[in-house]
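Residue-level structure breakdown
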There are 2 protein chains.
Amino acid sequence: MTSSPEFSELLRSSELRVTQPRIAVLAAVHDHPHASTDALIDAVRRALPEVSHQAVYDSLHTLTTARLIRKIQPAGSTARYESRIGDNHHHVVCRGCGAVADVDCAVGHAPCLSASNSHGFTIDEAEVIYWGTCPACSAQSG
Amino acid sequence: MTSSPEFSELLRSSELRVTQPRIAVLAAVHDHPHASTDALIDAVRRALPEVSHQAVYDSLHTLTTARLIRKIQPAGSTARYESRIGDNHHHVVCRGCGAVADVDCAVGHAPCLSASNSHGFTIDEAEVIYWGTCPACSAQSG
DNA sequence: CTCTTTTCTTGAACGAGTCAAGAAAAGGCT
DNA sequence: AGCCTTTTCTTGACTCGTTCAAGAAAAGAG
């Protein structure tokens, strides 16, 4: 587990004020990859019982904008966050339970990015979501 | 524009009851690719002024399940629908205004479907969303 | 330590979507 | 055609994730 001083440093290097809620949110996202906002609020309150949900929402937004964490929103799920950033990894989402796992892209380069400039759009990111069934749900139904 | 009898036939061949709302919803999705539910409700009411929003929601759900239309939900947008189905095309979404356009995948085969470490997930679909800026928004900010 | 700015608390509000009960209409059957 | 069963639609309330807004608290510069 990354320590609190490291999170402080991370915030400072992004020119963000260092606050208890932000440190706790960073730690929570770090410790619970792909967790929902709700789950993160719970996790944060284990460290700071009195934080408001709004503080967590604000922190998540600020940290996402600063690119210290990343927000993902697969269809049908509420917002989820992860601290693994900067690499071009993607996600598998279970149709049954909504579980999310990381996937390194099988092709070495960003997939299909050569599709750029279609319809005059300037493309800056290709997001890939794999849909399927997780081991637990597979076992249950088959 | 595809005609009403054709939509009826489409419904019948999926063993769905043929109702006015369903025909109107099929027509609306056909005529307004990537439209939001709200926009579709408006479009449907041009043909059937009295339909309830619930009937449209129900129809969209039924038609999606029957795979006569497809639902897409880019992060930050409400649900959108399209009638182009069965081919493996993807979407570009404008970060500015949320506009959506179709993109044929640049690589010939389903991208990255040979995803390496899939954590035991059984993958059945790879969804790709390209993020960028549409021509209108590019012009506005540049 | 003071002051300014940002962030947090509190609590209300919003909006897409869902739920539930009864009314209407599809379509099979006679 | 007319009847009957099942599905679908209308109506209206409601949920839940998220956002808004006003004032209180805390960061950090000087």
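This report concerns the structure included in the present document. (Residues numbered from 1 in each chain as written. Chains lettered and ligands numbered in written order. Predicted model: local features only at pLDDT ≥ 70, side-chain atom pairs only at ≥ 80, totals over all residues. Heavy atoms only, no water.)

Side note on the protein's contact with DNA strand C
Surveying the vicinity of DNA strand C reveals 19 residues, the closest of which are T19(A), R22(A), S52(A), V18(B) and Q54(B). Between a base oxygen of DNA strand C and a side-chain N or O atom of R17(A), the distance comes to 3.2 Å. In the environment of DNA strand C, a phosphate oxygen lies 2.7 Å from a nitrogen or oxygen atom belonging to the side chain of T19(A). Contributions of two or more residues to the surface near DNA strand C are made by α2 (20-31) and α4 (53-65) of chain A together with α4 (53-65) of chain B. Per element, the largest residue contribution to the surface near DNA strand C is 4 residues, and it comes from α4(A). Among the residues forming the surface near DNA strand C, the class breakdown is 6 nonpolar, 9 polar and 4 charged. (Near = heavy atom within 4 Å. Polar contact = N/O pair within 3.5 Å; in protein donor to acceptor, adjacent residues only side chain to side chain. Helix = DSSP H or I, 4+ residues; strand = E, 2+ residues; numbered from the N terminus. Nonpolar A, V, L, I, M, F, W, Y, C, P; charged D, E, K, R; others polar.)

With respect to the packing of α2(A) against α4(A)
All names here are of chain A. The geometry of α2 relative to α4 is characterised by a closest axis approach of 9 Å and an angle of 70° between their N-to-C directions. Relative to α4, the element α2 lies roughly perpendicular. Of the residues in α4, those touching α2 at P21, R22, V25, L26 and V29 are A55, V56, S59, L60, T62 and L63. When the residues that make up the contact of α2 with α4 are grouped by side-chain class, the tally is 8 nonpolar, 2 polar and 1 charged. (Axes fitted to C-alpha atoms, helices over the stretch in contact; angles between N-to-C directions. Parallel < 35°, antiparallel > 145°, perpendicular 65-115°, else oblique. Contact = heavy atoms within 4.5 Å.)

Let's talk about the sheet that holds strand β6 (residues 122-133) of chain A
Overall, mixed pairing links the 6 strands, which are arranged β5(A)-β4(A)-β6(A)-β6(B)-β4(B)-β5(B) in an open sheet. In this open sheet, the two strands that pair with only one neighbour each are β5 (100-103) of chain A together with β5 (100-103) of chain B. Strand-to-strand twist in this sheet, taken as the mean axis angle between neighbours without regard to direction, amounts to 30°. Examined bridge by bridge, β6(A) and strand β6 (residues 122-133) of chain B share 11 bridges and lie antiparallel to one another. Bridging from a neighbouring strand, W131(A) pairs with E125(B) of β6(B). (Pairing = 2+ DSSP bridges.)

Structural notes on the environment of P21(A)
Residue and element names in this part refer to chain A. Here P21 shows up in helix α2. Sequence separation between P21 and L48 is 27 residues; the distance between their C-alpha atoms is 7.5 Å. With residues near it in sequence (within four places) discarded, P21 still touches L48, V51, A55 and S59.

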